[in-house]
Amino acid sequence: MFLTSVFSANKARFWLGIFMLVVAVLYSCHAGFFMGYSNFYLKVDSLYLLTGLSVFPLYYIYVRLLTCDVGLKWSYLVHFIPAVVLSVVLIFLTFDASFGERQVYYSEVLVRNRWPETQSLIIRSMAFVFFASRFVFGFQVIGYLVAGYLLAKKYDHRIADFYSNLEGKQLIWVKLLTVSFLLTSIASLVVNAIGRGLFMTNDLVLAVPSALFSTLFFIIGLQGNKQDYTIRSLVEDEGEDGVVSSGLDPRHDELKVGVIKMLETEQLYLASELRITELCKVLNTNRTYLSNLINNEFKLSFNDLINLYRVKHAVALIEDNKTSDLSLGDIAIDSGFGSLSSFNRAFKKVKGVTPGQYRNEVKISRGKAGL
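This report concerns the structure included in the present document. (Residues numbered from 1 in each chain as written. Predicted model: local features only at pLDDT ≥ 70, side-chain atom pairs only at ≥ 80, totals over all residues. Heavy atoms only, no water.)

Enumeration according to the criterion identifies two cavities of 30 Å³ or more in this entry. The volume enclosed by the largest cavity comes to roughly 50 Å³. The wall of the largest cavity is formed by Asp-45, Tyr-48, Leu-49, Leu-90, Tyr-105, Phe-130, Ser-133 and Arg-134. Here the lining of the largest cavity is built from residues that sort into five nonpolar, one polar and two charged. Size it by volume and the second largest cavity reaches roughly 40 Å³. Lining the second largest cavity are Asn-10, Lys-11, Ala-12, Leu-65, Asp-69, Val-70, Thr-230 and Arg-232. (1 Å grid on protein atoms, 1.4 Å probe; cavity = no way out; pocket = protein on both sides within 12 Å on 5 of 7 lines; lining within 4 Å. Points joined across faces, edges and corners; volume = space filled by probe spheres on them. Nonpolar A, V, L, I, M, F, W, Y, C, P; charged D, E, K, R; others polar.)

In structure tokens form, the structure reads like this:
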């Protein structure tokens, strides 16, 4: 489904299709190994190595296409050098190995996960490639997942300083999945250190890591299918809105007063799709400076600052007898929120309780006051 999507429309989604395809090939090879098809697996061992060392670079590039890269880059190929080099070397070694040597490699190295006690240079070379791939894989797990997490975190900060409505734009799911992926992969590294032979004799033990990884990959695909908004969308929006001026604005105090006036008097926060550039145009300043001013003076992102005023507005509506009968959905819309879910999250972040809980507290307080 991802690979049949229009490449130019969403490069991240198309790349996710490549990621899923590689994962499918990887686990098909896995299936052959754990089902005991030794001859089949020895023929696809180099393919297993190639795909195994490509999964995390592919995932990292997918995160880059979501968070910082508008298009594909030739530099991406560097990430696949270890996978290609080791798999090509293994192909030549497997081709030169005799049937007996391949069987020893399979039983001693692949199943028992130990260095072969033989003088055969081919077997020892194949073993070296295998353990080298495990070493590279370990570095990939930590390096790429941590780097991906930091990219997603930086991206979320960037959009929070530009938009007042983050619905459908945030990558919280990427950060959560990356942490889960990291923990599961570390467990996988431990398993690899023990040896895959343990899982060939117990289907129940094999089912645990299989279920974990299958679930993670499914969630990545599910969330990736929903993620229409990427860094490309943000760059386009920034380009459309433009920047009124460049450099730093010396009118620090004046701008701070202007921001407060625009929010408290003009109530610009009631516009659900408000962007920081709209404030820039009104205040005749540049986006970078205004964003820094908000971060430093209010200790908030642009999104958090706008939501703070929206929550204050919602609190006033809940506490006002004249509007006490409004539904929470209506209050959310009247306060400038794009959806009820974003209203609930922002309200709880500011007040510590949900809008429904706060309304109940207000009703109880009124009841006691009436008594």
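After presenting the structure, the write-up continues.
The next point concerns the packing of aromatic side chains. Scanning the model with the defined rule gives 20 aromatic pairs in all. For the ring pair Tyr-27 and Phe-217, a centre distance of 5.9 Å and an interplane angle of 65 degrees mean the geometry is edge-to-face. Of this pair, Tyr-27 sits in helix 1 (residues 11-34) while Phe-217 sits in helix 9 (residues 203-226), placing them 190 residues apart in sequence. Overall, Phe-217 belongs to the buried group, its relative accessible area being 9%. Here the aromatic rings of Phe-337 and Phe-343 are separated by 5.1 Å at their centres, their planes lie at 50 degrees, and the arrangement is tilted. Of the two residues, Phe-337 and Phe-343, neither departs from the other in class, the shared state being buried. (Phe/Tyr/Trp six-rings, centres within 6.5 Å; stacked < 30°, edge-to-face > 60°. Helix = DSSP H or I, 4+ residues; strand = E, 2+ residues; numbered from the N terminus. Buried < 20%, exposed > 50% of the residue type's maximum accessible area, 1.4 Å probe, protein only.)

Taken together, the side chains of Ile-142, Val-146, Leu-150, Ile-186 and Val-190 define a hydrophobic patch exposed on the protein surface, amounting to about 400 Å² of accessible area. Elements supplying a minimum of two residues to the nonpolar patch: helix 6 (121-160) and helix 7 (172-194). Tallying contributions element by element places helix 6 first for the nonpolar patch, with three residues. With respect to the helices and strands, Leu-150 occurs in helix 6. (Patch = residues over 30% accessible without salt bridge, like charges linked within 9 Å, V, L, I, M, F, W, Y side chains within 5 Å. Areas by Shrake-Rupley, 256 points an atom, 1.4 Å probe, with all protein chains shown as cover. Salt bridge = Lys/Arg side-chain N within 4 Å of Asp/Glu carboxyl O.)

By secondary structure assignment, the location of Arg-232 is in helix 10 (residues 231-241). Of the residues examined, Arg-232 reaches a relative accessible area of 28% and is grouped as partly exposed. Excluding residues within four positions of it along the chain, Arg-232 makes contact with Ser-8, Ala-9, Lys-11 and Val-70. (Contact = heavy atoms within 4.5 Å.)

On to the pattern of salt bridges. Applying the stated rule across the entire model yields 12 salt bridges. Residue Glu-297 is joined to Lys-256 by a salt bridge in which the shortest nitrogen-to-oxygen separation is 3.1 Å. With Glu-297 in helix 13 (residues 287-297) and Lys-256 in helix 11 (residues 252-264), this pair connects stretches of sequence that are 41 residues apart. Classification of Lys-256 as partly exposed rests on a relative accessible area of 27%. Among the ionic contacts, a cluster of salt bridges with common partners joins Arg-64, Asp-69 and Lys-73.

Relative placement of two packed helices is described by the angle separating their axes and the distance separating the axes. Contact geometry of helix 2 (residues 38-52) with helix 5 (residues 99-111) gives a least axis separation of 11 Å together with a crossing angle of 90 degrees. The orientation of helix 2 relative to helix 5 falls into the category roughly perpendicular. Facing Ser-38, Asn-39, Tyr-41, Leu-42 and Asp-45 of helix 2, the residues of helix 5 in contact are Phe-99, Arg-102, Gln-103, Tyr-105, Tyr-106 and Leu-110. Residue classes in the contact of helix 2 with helix 5 are distributed as six nonpolar, three polar and two charged. (Axes fitted to C-alpha atoms, helices over the stretch in contact; angles between N-to-C directions. Parallel < 35°, antiparallel > 145°, perpendicular 65-115°, else oblique.)

Let's shift gears to the nonpolar core. In terms of nonpolar packing, the biggest core is built from 89 residues, with Phe-19, Tyr-59 and Phe-181 touching the most fellow members. Top contributing element to this core by residue count: helix 6, with 14 residues. Once residues within four sequence positions are removed from consideration, Phe-181 is found in contact with Phe-56, Tyr-59, Leu-145, Phe-213, Leu-216, Phe-217 and Ile-220. Grouped together as the second largest cluster of nonpolar side chains are 14 residues, Val-315, Leu-317, Ile-318 and Tyr-358 included. (Core = buried A, V, L, I, M, F, W, Y, C linked by side-chain atoms within 4.5 Å.)

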